[in-house]
Amino acid sequence: MSDQLTITLPDGSTREVSPGTTAAEVAASIGSRLAKAAVAARLDEEPVDLGRRIERDCALAIVTSDSDEGRHVLRHSTAHVMAQAVLDLFPGAKFAIGPPIEDGFYYDFELPGGVHFSDDDLARIEARMREIVAADQPFVREEMGREDGLALFGDQPYKREIIESVDASEVGADSSVSVYRNPGPAGEGFVDLCRGPHVPSTKRLGAFRLMKVAGAYWRGDEKRPMLQRIYGTAWESAKALDEHLHRLEEAERRDHRRLGVELDLVSFPEELGAGLALWHPRGAVIRSVMEDYSRARHRESGYELVFTPHIARSNLWETSGHLDFYADGMYPPMELDEGHRYYPKPMNCPFHLLIFRSRIRSYRELPLRFFEFGTVYRYERSGVLHGLLRIRGFTQDDSHIFCTPDQLVPELSSLIEFVLSVLRAFGFEQFEAELSTRPEEKSVGSDEDWEMATRALFEAIDGSGLSYDVAEGEGAFYGPKIDIHVRDAIGRRWQLSTLQVDFQEPQRFELEYVGADNERHRPIMIHRALFGSVERFFGILIEHYAGAFPTWLSPVQCLVLPVADRHEPYAEKVLSQLRAAGVRGELWDATHDTLGARVRRGKLEKAPYVLVVGDDDVSSETVGVNRRGSAEADRGVPVDSFLAALLAEIDERRLPEGAAP
RNA sequence: GCCGGGGUAGCUCAGCCGGUAGAGCAGCGCACUCGUAAUGCGCAGGCCAGGGGUUCGAAUCCCCUCCCCGGCUCCA
């Protein structure tokens with residue numbers, strides 16, 4: 001019998017090693033590049049340190065720093081280094097938790113005397129971290145019993161709480177905890193409660209930066225103390241860190257709040273109040289094009305347009321259940337007509353239910369699809385407001401579909417297809433869905449209804465070819481739902497559309513239709529928002545296109561610039577030709593600005609086309625065409641052919657080529 | 001709502017430890033009439049978010065309110 005162990009690598013090959021060999025040694029034996037990139041390992045799927053000794057036959061995978069899992073380890077180790085730096089610089093600080101997150105890590109602290117971190121502190125902490133990295137401290141794993149752990153963290157209440165809760169939740173499991181030590185030069189050093197794994201040594205780290213300080217409730221509970229969280233980002237190389245910082249700059253450049261004001265689309269004057277926006281003419285043009293297109297698509301697909309008021313009496317909200325469940329999120333009522341309370345609407349559905357109920361309905365009318373751009377008001381907590389993306393007054397492209405149980409699956413299937421088709425028209429190409437099931441607590445309705453509806457959603461989404469995740473227990477209180485997410489031009493994920501099955505409201509409003517059997521039946525309702533909120537969708541479009549909208553959406557599609565005043569009559573003629581064909585154009589005359597200045601302004605305003613007309617054009621009925629995104633002007637283009645091409649582009653709602661600029 | 005940071009001209013921002021405001025861009029006027037990313041000169045523009053307080057004197061220091069930013073919590 002051999003005393004060698006057999007390890008199986010991810011490619012299926014095997015190696016013989018002697019017992020006690022470390023994962024790091026295996027990596028080194030495979031190749032020096034791998035050894036250099038290695039940060040941790042997986043031993044029979046269990047994440048372990050590179051220093052872990054192999055004592056049995058196993059499957060082993062080396063985790064490298066350029067993988068998601070590897071970056072996870074790097075970030076986690078960097079968080080430890082940050083905690084060490086903070087404890088060095090702020091004696092008496094308590095440290096709570098410090099996990100890796102997308103793009104980086106954070107650590108939560110409580111400073112003695114309620115002191116807060118300042119921006120200067122971040123620089124000091126970061127400098128101390130660099131010293132720790134340079135000191136090449138090893139990460140040493142140690143396991144100990146629960147009591148020893150509690151003793152070790154005697155003056156660290158948050159750590160003690162974690163140890164106690166870990167123990168409580170793992171009844172019967174072995175009650176040991178693991179800690180990682182970073183011994184300092186003088187024998188002191190840092191120790192943190194941690195499952196690991198970690199990089200072998202701090203010198204393995206370095207491409208990090210501390211980003212910001214923020215408050216965060218301990219354990220995410222707003223009734224518990226607020227700790228101070230420091231966020232950092234960390235990467236496998238300086239290059240990857242740089243790229244990340246560039247992505248942040250890019251996101252900032254696209255910020256809809258900045259571009260919205262710069263391009264004169266919207267504003268948020270303080271006088272208006274928090275969470276409310278004004279749509280300026282240029283923003284309003286885009287919005288009306290969006291809405292017109294949406295209405296046309298809805299009509300084509302068998303929806304009927306409705307309009308409903310902004311306020312309704314309290315009894316309507318009692319019937320719908322909003323006053324029971326969501327009174328906190330509603331604007332307060334105004335009192336009229338001897339004590340009747342009228343609430344601004346937080347949702348449109350009760351109105352659509354009333355339209356359904358306005359007369360006897362036949363099964364022959366179903367599915368009945370009501371559609372409305374309905375402006376709603378929700379009292380969002382002040383701290384959550386964010387430009388157009390989270391706002392208190394907004395407009396839902398809201399639809400309520402009433403159907404029979406038999407119609408549910410086909411209706412959901414065509415709904416998904418419809419939603420994707422409209423989103424594609426606006427330039428989104430990547431979709432991901434999330435199917436949310438019945439919440440554990442706080443839900444209403446029978447098990448059979450929930451099962452039926454959930455099954456219908458699964459069937460529809462399985463047939464759609466969309467990739468999706470299941471979010472257990474994340475459904476609305478009245479029914480399960482499918483949310484559709486998109487990826488924008490720089491890869492960010494946004495939740496847009498939602499499809500929700502609802503048995504509750506039809507019941508509360510006692511909706512009925514007469515079936516083929518001449519009996520009364522209760523319809524099922526589907527709530528559906530496609531853009532979600534027009535304001536939010538618009539904000540996302542601004543960021544997706546960085547303000548350079550496709551021509552069909554652009555507020556000004558074409559600028560006409562006469563080279564000199566004498567070309568103005570011809571420019572007027574060109575402009576009127578464009579306008580007669582329905583193109584949105586403007587003429588910027590030569591009276592005050594040079595041609596160069598006007599061209600520059602046109603480009604900064606991201607006009608899709610800037611036409612320059614001079615002597616040559618007047619005599620030959622042409623224009624000089626500057627297309628957005630192309631450096632070269634196209635001189636001498638006949639007006640007719642330019643216009644024909646432009647109209648085709650608008651008519652087809654053509655999208656910019658490649659990634660948006 | 002909570003923690004932290006802010007609010008000075010339309011925009012971006014300067015204004016140290018208190019001595020009653022400044023730049024660039026934008027705007028307006030005049031000149032320039034020009035073929036592709038800033039023509040020149042000049043002018044005007046601020047209740048320093050709002051209110052209260054301290055002080056001989058407040059943009060500056062303190063308090064309250066409103067609004068914004070970054071997080072946390074929340075999101076029918």
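In short, a report on the structure. (Residues numbered from 1 in each chain as written. Chains lettered and ligands numbered in written order. Predicted model: local features only at pLDDT ≥ 70, side-chain atom pairs only at ≥ 80, totals over all residues. Heavy atoms only, no water.)

So, about the packing of helix H13 (residues 408–425) against helix H14 (residues 447–464). Where H13 contacts H14, the two axes come as close as 9 Å, and the packing angle between them is 45°. Judged by the inter-axis angle, H13 sits oblique to H14. In the crossing of H13 with H14, the sense of the turn from one axis to the other is right-handed. From H13, Leu408, Val409, Leu412, Ser413 and Ile416 reach across to H14, where they touch Met452, Ala453, Ala456, Leu457, Glu459, Ala460, Ile461 and Ser464. Residues of the contact of H13 with H14, tallied by class, amount to ten nonpolar, two polar and one charged. (Axes fitted to C-alpha atoms, helices over the stretch in contact; angles between N-to-C directions. Helix = DSSP H or I, 4+ residues; strand = E, 2+ residues; numbered from the N terminus. Parallel < 35°, antiparallel > 145°, perpendicular 65-115°, else oblique. Left-handed = near helix turned anticlockwise from the far one by under 90°. Contact = heavy atoms within 4.5 Å. Nonpolar A, V, L, I, M, F, W, Y, C, P; charged D, E, K, R; others polar.)

In this structure, Met290, Phe426, Leu578 and Phe642 are the most contacted members of the largest nonpolar core, which totals 82 residues. The dominant element in this core, judged by the number of residues it contributes, is H13, at ten residues. Filtering out sequence-adjacent residues up to four positions away, Phe426 remains in contact with Met290, Tyr293, Phe531, Phe537, Leu541, His544, Tyr545, Trp552, Leu553 and Leu655. With 47 residues, the next largest nonpolar core counts Val81, Phe139, Ile163 and Tyr180 among its residues. (Core = buried A, V, L, I, M, F, W, Y, C linked by side-chain atoms within 4.5 Å. Buried < 20%, exposed > 50% of the residue type's maximum accessible area, 1.4 Å probe, protein only.)

Moving on to helix H9 (residues 281–300). An α-helical turn contains 3.6 residues, so any two residues separated by three or four positions project in the same direction. With 20 residues, H9 ought to run about 28 Å at 1.5 Å a step, and its terminal C-alpha atoms sit 28 Å apart, in line with that. Restricting attention to buried positions, one finds in H9 the residues Gly283, Ile286, Arg287, Val289, Met290, Glu291, Tyr293, Ser294, Arg295, Arg297 and His298. Phi for Gly302, located one or two positions after H9, is positive at around 85°. (Expected span 1.5 Å × (residues − 1).)

Taken as a whole and judged by the stated rule, the model has 31 aromatic pairs. An angle of 80° between the planes, with centres 5.8 Å apart, marks the rings of Phe109 and Phe117 as edge-to-face. By relative accessible area, Phe109 is classed as buried at 1%. Seen in terms of ring centroids, Phe426 and Trp552 are 5.2 Å apart; in terms of plane orientation they differ by 50°. Their pairing is tilted. Residue Phe426 is found in the loop between H13 and strand S25 (431–436), and its partner Trp552 is found in the loop between helix H16 (534–545) and strand S32 (558–562); the two are separated by 126 residues along the sequence. Here Phe426 falls in the buried class, since its relative accessible area comes to 0%. Trp552 sits in the buried class, given a relative accessible area of 5%. (Phe/Tyr/Trp six-rings, centres within 6.5 Å; stacked < 30°, edge-to-face > 60°.)

Mapped onto the fold, Ala240 is located in helix H7 (residues 238–253). For the pair Ala240 and Phe208, spaced 32 residues apart in sequence, the C-alpha separation works out to 9.9 Å.

When the charged atoms of two side chains with opposite charge come close together, those side chains can pair. Inspection of every chain in the model, using the stated rule, returns 47 salt bridges. Two residues, Glu45 and Arg42, come together in a salt bridge whose shortest N-O distance is 3.2 Å. Classification of Glu45 by relative accessible area gives exposed; the value is 59%. Taking the relative accessible area as the measure of exposure, Arg42 reaches 23% and is therefore partly exposed. Note that Arg181 is salt-bridged to Glu142, the shortest N-O span being 2.8 Å. With Arg181 in strand S12 (residues 176–183) and Glu142 in strand S11 (residues 140–145), the pair connects residues that are 39 residues apart, well separated along the chain. Its relative accessible area of 30% is what places Arg181 among the partly exposed residues. (Salt bridge = Lys/Arg side-chain N within 4 Å of Asp/Glu carboxyl O.)

Quick look at the protein's contact with RNA strand B now. Residues in contact with RNA strand B amount to 57 residues; listed here are only the nearest, Tyr217, Met226, Ser382, Thr591 and Asp617. Note that a sugar or linking oxygen of RNA strand B is positioned 3.2 Å from one of the backbone N or O atoms of Gly215. Among the elements of the structure, strand S14 (207–217), strand S15 (226–235), helix H18 (595–604), helix H19 (615–620) and strand S35 (622–627) are those that each provide at least two residues to the surface near RNA strand B. For the surface near RNA strand B, a count of residues per class yields 22 nonpolar, 18 polar and 17 charged. (Near = heavy atom within 4 Å. Polar contact = N/O pair within 3.5 Å; in protein donor to acceptor, adjacent residues only side chain to side chain.)

Attention now moves to the pairing of strand S24 (residues 393–403). Among the eleven residues that make up S24, eleven are buried, leaving the element largely enclosed by the rest of the structure. Neither face of S24 is open: one carries Gly393, Thr395, Asp397, Ser399, Ile401 and Cys403, the other Phe394, Gln396, Asp398, His400 and Phe402, and all of them are buried. Note that strand S23 (residues 368–377) and S24 share ten bridges and pair antiparallel. Note that in S24 the partner of Leu368 across the bridge is Phe402. (Pairing = 2+ DSSP bridges.)

The subject of this paragraph is unusual backbone geometry. Going from Gly196 to Pro197, the amide bond is cis rather than trans, its omega being -5°. With respect to the helices and strands, the residue Pro197 is situated in the loop between strand S13 (189–193) and S14. In this structure, the amide linkage connecting Leu366 to the following residue, Pro367, adopts the cis form with an omega of -5°. Within the secondary structure layout, Pro367 lies in the loop between strand S22 (361–362) and S23. For Asp44, which is not glycine, the phi dihedral falls at a positive 45°.

Whenever strands of a sheet pair, they do so through backbone hydrogen bonds, lying parallel or antiparallel. The five strands are arranged S2-S1-S7-S4-S5 in an open sheet whose pairing can be described as mixed. The sheet is open, and its two edges are formed by strand S2 (14–17) and strand S5 (46–48), each paired on a single side. The sheet shows a mean angle of 35° between the axes of neighbouring strands, direction not considered. One ladder, built from five bridges, connects strand S4 (residues 38–43) with strand S7 (residues 58–64); its direction is antiparallel. Paired with Arg42 across the strands is Ala61, a residue of S7. Its contacts with the sheet place helix H1 (residues 23–30) against strand S1 (5–8), S2, S4 and S7, and it is angled at close to 75° to S7. Strands S4 and S7 of the sheet are contacted by helix H3 (residues 68–89), whose axis makes an angle of about 115° with S4.

Attention shifts here to H7. Over its 16 residues, H7 runs 22 Å from end to end, which matches the ideal 22 Å to within 8%, given 1.5 Å per residue. All of the buried residues along H7 are Ala240, Leu241, His244 and Leu245. Seen along its axis, H7 keeps its buried residues to an arc of 140°; they face one direction. In H7, the exposed residues that point more than 90 degrees away from the buried face are Ala238, Lys239, His246 and Glu249. The elements touched by buried residues of H7 are S14 and S15. (Arc of directions from axis to C-beta.)

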